[in-house]
Amino acid sequence: MGLTIAQKIIKSHLLEGRMIPGQEIGIRIDQTLTQDSTGTMVYLQFEAMGIERVKTRLSVAYVDHNMLQEGFENADDHRYIRTVAHKYGIYFSRPGNGICHQVHLENFGVPGETIIGSDSHTPTAGGIGMLAIGAGGLDVAVAMSGGAYYFTMPEIINIKLSGRLKPYVSAKDVILEVLRRLTVKGGIGKIIEYTGEGVKSLSVPERATITNMGAELGATTSIFPGDEVTRSFLIARKREEVWVEIYPDDDALYNKTLEIDLGEIQPLAAMPHSPDNVKPVTEIGEIKIDQVAIGSCTNSSYQDLMKAAKILKGKTVHKEVSLVISPGSRQVLTMLASNGALADLLAAGARILESGCGPCIGMGQAPATNAVSLRTFNRNFKGRCGTVSAKVYLVSPETAAVSAIAGELTDPRSCRENIKVEIPETFPVNDNMIIPPSNTPGKVEVIRGPNIKPFPLNIPLPRKIEGEILIKVGDNITTDQIMPSNAKILPYRSNIPYLASYCLVPCDKDFPERARKSGGGFIVGGENYGQGSSREHAALVPLYLGIKGILAKSFSRIHKANLINSGILPLRFINPDDYDNIREFDSILIDDAVEQIMKGNTITVKNTTQNTMYELKVEVSSRELEMLIAGGKINLIKREKVGKQ
Ligand code: MIC
Ligand code: SF4
């Protein structure tokens with residue numbers, strides 16, 4: 001039987017397990033990436049492992065998220081990451097060089113290789129034909145130390161593209177269409193593979209927009225072939241030597257195939273407050289807008305920003321709209337500066353931000369009260385932009401630019417400008433913002449600031465676990481709700497005790513206080529608990545607050561792995577009625593947890609308040625079970641090390 005693209009890459013990197021969907025596999029990781037808001041924790045964990053030099057072929061540390069330096073905290077973290085990277089064999093992309101996914105695609109992406117990154121949008125590199133997976137920080141630290149990356153072998157879904165996009169319809173509309181069809185849960189346990197004639201008409205950055213937002217589908221990753229388009233992209237960046245051709249075999253077997261005619265797609269928008277709440281722009285009706293933000297790892301390529309510049313040239317941004325643009329990389333910004341497009345954007349009234357995540361992660365540019373913000377980003381969860389009452393619509397750069405002039409959400413096809421962008425044959429390659437690792441690591445001093453606090457460690461799983469249901473929440477709870485991020489809190493990503501006061505506050509402002517007072521307990525969640533970001537803080541902070549287990553209808557992939565890494569039990573309701581019956585503040589008791597899980601991956605939970613029993617699944621591999629028993633991955637690694645001595 002033939003293989004799909006993803007299966008070919010997995011097969012050539014397989015270290016453990018068999019490629020059967022649903023079974024755990026371990027693969028060799030060629031590359032890793034981190035960014036600064038998760039990176040500090042990754043490197044603290046890496047240091048705790050006592051390895052002298054990274055074992056991956058390439059590891060890169062980016063600084064792109066926590067760019068505002070209102071106090072010493074972010075700058076201290078940047079310095080820590082720079083020095084730790086220098087010492088341990090990691091390339092360091094300096095602040096200002098751009099968003100990790102954009103810069104990685106331009107400088108380091110290699111078709112056919114594997115990468116994991118401590119950021120949920122790592123699958124962006126799937127646009128160049130890499131098997132690119134977002135993971136928790138600890139998994140990235142383990143990969144850097146030479147360990148396998150374990151995950152559940154996904155089903156492979158084929159999205160077969162035909163036709164060509166019409167003018168003013170873009171790659172963003174393609175992925176919004178996929179989200180409309182599949183929803184934020186549709187990709188769980190799946191890899192999305194794009195094939196078909198239509199693929200040829202999409203450039204690598206356009207493909208990367210599509211694979212980037214595969215994260216919003218909950219997919220393990222998304223991938224495009226390594227073809228002639230990939231080759232031209234690499235030639236333009238003077239990296240042709242890394243190109244390899246990868247296509248699915250003719251008889252490759254997919255678990256499901258979905259067909260999309262690119263020519264039929266129209267401009268779409270994801271309405272508040274979920275990336276799958278998608279409608280055609282024409283059906284949404286007239287909406288007055290207050291802010292437009294163009295950028296993020298989804299839509300900040302040269303092509304994207306050039307299209308915006310062409311639309312805005314000679315026009316003025318509507319007087320009641322603030323237009324902010326954050327170029328994805330210094331390379332893109334440099335190109336816009338040299339060809340005059342930057343001047344066109346400035347003349348139109350755009351506010352240019354530095355190359356980084358910026359408003360996407362709430363690092364500034366929070367909209368006004370009740371404002372409507374159109375963003376070319378990938379997430380529009382309530383409050384993520386920094387203003388709880390704001391309404392964020394996710395759109396393409398074309399829709400964003402045309403609407404910025406009109407002052408209301410506008411179908412970009414109403415614009416008459418020719419916005420075809422000629423892709424230059426060569427791109428300016430300047431890697432002076434990437435610092436290679438030191439040749440004399442013994443001489444490098446790692447500098448830690450006072451805001452860097454030790455990370456919490458769990459205790460081995462006790463026989464008897466009891467506690468209160470401290471909070472009961474609904475479906476699709478995001479890590480942005482569990483561990484909010486914005487300009488005020490992000491500087492504390494290396495200070496778990498400080499972050500604890502914000503845990504789950506968007507759902508219930510009294511949760512942290514209650515958890516502290518009761519000395520810990522349980523959380524009840526609905527479907528897809530923990531969707532969104534890869535931040536392991538959404539597990540480490542509950543661990544710090546004494547959370548012992550999460551009872552939910554289902555879990556998102558990265559968050560579940562982070563819970564297990566932290567030694568927190570992920571318990572899945574078997575009977576949906578149990579979710580309905582269980583109440584906040586009920587007391588629950590689990591006896592002989594370890595024996596129960598070993599017997600059959602199920603656990604009986606006694607509700608001592610209501611005097612009822614529930615059966616819940618603990619869907620973990622034997623390796624993960626050992627982690628839970630040991631009280632988390634670090635404890636297990638330490639125990640195994642002692643065992644070897
Ligand atoms: C995000 O887009 O939510 C982030 C910020 O990039 C996160 C990482 C983080 O929380 O630091 C992600 O997507 O993993
Ligand atoms: Fe940065 Fe936003 Fe991309 Fe996350 S989604 S990496 S915050 S640009």
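Structure: above.
First things first, this report covers the structure right here in the doc. These figures come from a predicted structure and were not determined experimentally.

**Things to note about the packing of helix α10 (residues 302–312) against helix α13 (residues 397–406)**
Packed helix pairs are characterised by how far apart their axes lie and by the angle those axes make with each other. Put simply, α10 and α13 touch, their axes get as near as 9 Å, and they point 25 degrees apart. Considered as vectors, α10 and α13 are oriented roughly parallel to each other. In the crossing of α10 with α13, the sense of the turn from one axis to the other is right-handed. Here α10 contributes Asp304, Lys307, Ala308, Ile311 and Leu312 to the contact with α13, which in turn contributes Pro397, Glu398, Ala401, Val402 and Ile405.

**A word on the sheet that holds strand β9 (residues 155–162)**
The strands making up a sheet associate through hydrogen bonds between their backbones, and the pairing can be parallel or antiparallel. Here we have 4 strands laid out as an open sheet, ordered β11-β10-β9-β12, and parallel in their pairing. Both edges of this open sheet fall to β11 (221–223) and β12 (256–261), since each of them pairs with a single strand only. For this sheet, the mean inter-axis angle between neighbouring strands, taken without regard to orientation, is 20 degrees. Helix α1 (residues 5–13) rests against β9, β10 (190–195) and β11 of the sheet, and its axis sits at about 120 degrees to β10. Packing of helix α6 (residues 171–182) onto the sheet brings it into contact with β9, β10 and β12, and relative to β12 it is tilted by some 135 degrees.

**Notes on the nonpolar core**
Counting residues in hydrophobic clusters, the biggest one holds 76 residues, and the most contacted among them are Phe511 and Tyr529. It is helix α5 (residues 137–144) that contributes the most residues to this core, 6 residues altogether. Apart from the residues within four sequence positions on either side, Phe511 is in contact with Leu470, Ile471, Cys503, Leu504, Ile523, Leu545 and Ile547. Within the second largest apolar cluster, 42 residues are counted, among which are Leu342, Leu345, Leu374 and Ile419.

**Remarks on the packing of aromatic side chains**
Enumeration according to the criterion identifies 9 aromatic pairs in this entry. Arranged with centres 4.7 Å apart and planes meeting at 5 degrees, the rings of Tyr194 and Phe224 form a pair that is stacked. Taken together, the residues span a long stretch of sequence, with Tyr194 in strand β10 and Phe224 in the loop between β11 and α8 (228–236) at a distance of 30 residues. In this structure Phe224 comes out as buried when scored by relative accessible area, which is 0%.

**What about helix α21 (residues 622–630)?**
Considered for burial, the residues of α21 that qualify are Arg623, Glu624, Leu625, Met627, Leu628 and Ala630. Phi for Gly631, located one or two positions after α21, is positive at around 85 degrees.

**Describing the side chain of Glu206**
Tracing the backbone shows Glu206 in helix α7 (residues 204–212). Buried within the structure, Glu206 lacks any salt-bridge partner; its nearest side chain of opposite charge belongs to Lys307, at an N-O separation of 4.6 Å. Beyond its immediate sequence surroundings of up to four residues, Glu206 is in contact with Ala171, Ser201 and Gln303.

**Here's the deal with the site of ligand 1**
Taken together, 14 residues sit near ligand 1, with Ser37, Asp119, Ser120, Ser534 and Arg535 positioned nearest. Within the side chain of Ser37, a nitrogen or oxygen atom sits 2.5 Å from an oxygen atom of ligand 1. Separating an oxygen atom of ligand 1 from a side-chain N or O atom of Arg493 is a distance of 2.8 Å. In isolation ligand 1 has 330 Å² of accessible area, and contact with the protein removes 97% of it.

**Section: the environment of Thr426**
With respect to the helices and strands, the residue Thr426 is situated in the loop between α13 and β20 (434–435). Sequence-wise, Thr426 and Ala293 are 133 residues apart; in three dimensions their C-alpha atoms are separated by 28 Å. Setting aside residues no more than four positions away along its own chain, Thr426 makes contact with Ala236 and Lys238.

**Considerations on the sheet that holds strand β23 (residues 547–552)**
Read around the barrel, 7 strands follow the order β21-β22-β23-β24-β27-β26-β25 and close on themselves; strand pairing throughout is mixed. Sheet twist, expressed as the average angle between the axes of neighbouring strands with direction ignored, equals 35 degrees. Both β23 and strand β24 (residues 569–573) contribute to a ladder of 4 bridges, which runs parallel. Residue Leu551 lies in a different strand from β24, and its bridge partner there is Leu571. Across the sheet, helix α16 (residues 511–518) lies against β21 (464–472), β22 (521–525) and β23, angled at about 160 degrees from β21, the strand it touches most.

**Things to note about the pattern of salt bridges**
If you walk through the whole model with that rule in mind, you get 28 salt bridges. With a closest N to O distance of 2.9 Å, Glu177 and Arg181 form a salt bridge. One end of the pair is Glu177 and the other is Arg181, both in helix α6 and 4 residues apart, which spans about a single turn. We classify Arg181 as partly exposed; its relative accessible area is 39%. When the shortest N-O distance is used, the salt bridge between Lys509 and Asp510 registers 3.6 Å. Residue Asp510 is classed as partly exposed on the basis of its relative accessible area, which comes to 39%.

Conventions and cut-offs
- Going along each chain's sequence as written, the residues are numbered from 1 onward.
- Here every chain gets a letter starting at A, and every ligand a number starting at 1, in the order they are written.
- For this predicted model, a pLDDT threshold of at least 70 governs which residues receive local features, and a threshold of 80 or more governs which side-chain atom pairs are given and counted, while totals over whole chains, interfaces and linings are taken from all residues.
- Note that the side-chain values use all heavy atoms of the structure and ignore hydrogens as well as water.
- Axis definition: a line fitted to C-alpha atoms, over the contacting stretch in the case of helices. Angles run 0 to 180 degrees between N-to-C directions.
- Here a helix means four or more residues in a row that DSSP labels H or I, a strand means two or more in a row labelled E, and each is numbered from the N terminus.
- Orientation is classified from the angle alone, with under 35 degrees giving roughly parallel, over 145 giving roughly antiparallel, 65 to 115 giving roughly perpendicular, and any other angle giving oblique.
- Left-handed describes a crossing in which the near helix is turned anticlockwise from the far one by less than a right angle; the clockwise case is right-handed.
- The contact definition used throughout considers only heavy atoms, calling two residues in contact when any of these lie within 4.5 Å.
- Pairing between strands is defined by DSSP: at least two bridges between them are needed.
- Here, nonpolar core refers to any group of buried Ala, Val, Leu, Ile, Met, Phe, Trp, Tyr and Cys residues whose side-chain atoms link them within 4.5 Å.
- Note on classification: 1.4 Å probe, protein chains only; a residue is buried when its accessible area is under 20% of the maximum for its type, exposed when over 50%, partly exposed between these limits.
- Here the aromatic set is Phe, Tyr and Trp, taking the six-membered ring for Trp, and pairing holds for ring centres within 6.5 Å; pairs whose planes are under 30 degrees apart are stacked, those over 60 apart are edge-to-face, and all others are tilted.
- Charge assignment in this entry is limited to Lys and Arg as positive and Asp and Glu as negative, and neither His nor the chain termini are counted.
- When a carboxyl oxygen of Asp or Glu is within 4 Å of a side-chain nitrogen of Lys or Arg, the pair counts as a salt bridge.
- For this purpose, a residue is taken to be near a molecule or strand whenever a single non-hydrogen atom of the residue falls within 4 Å of it.
- Each polar contact in these results corresponds to two N or O atoms within 3.5 Å; when the atoms are within protein, one needs to be able to donate a hydrogen and the other to accept it, and residues that are neighboring in sequence are counted only if both atoms are side-chain atoms.
- Only the protein chains shown count as cover for residues, and the accessible areas themselves come from Shrake-Rupley with a 1.4 Å probe.

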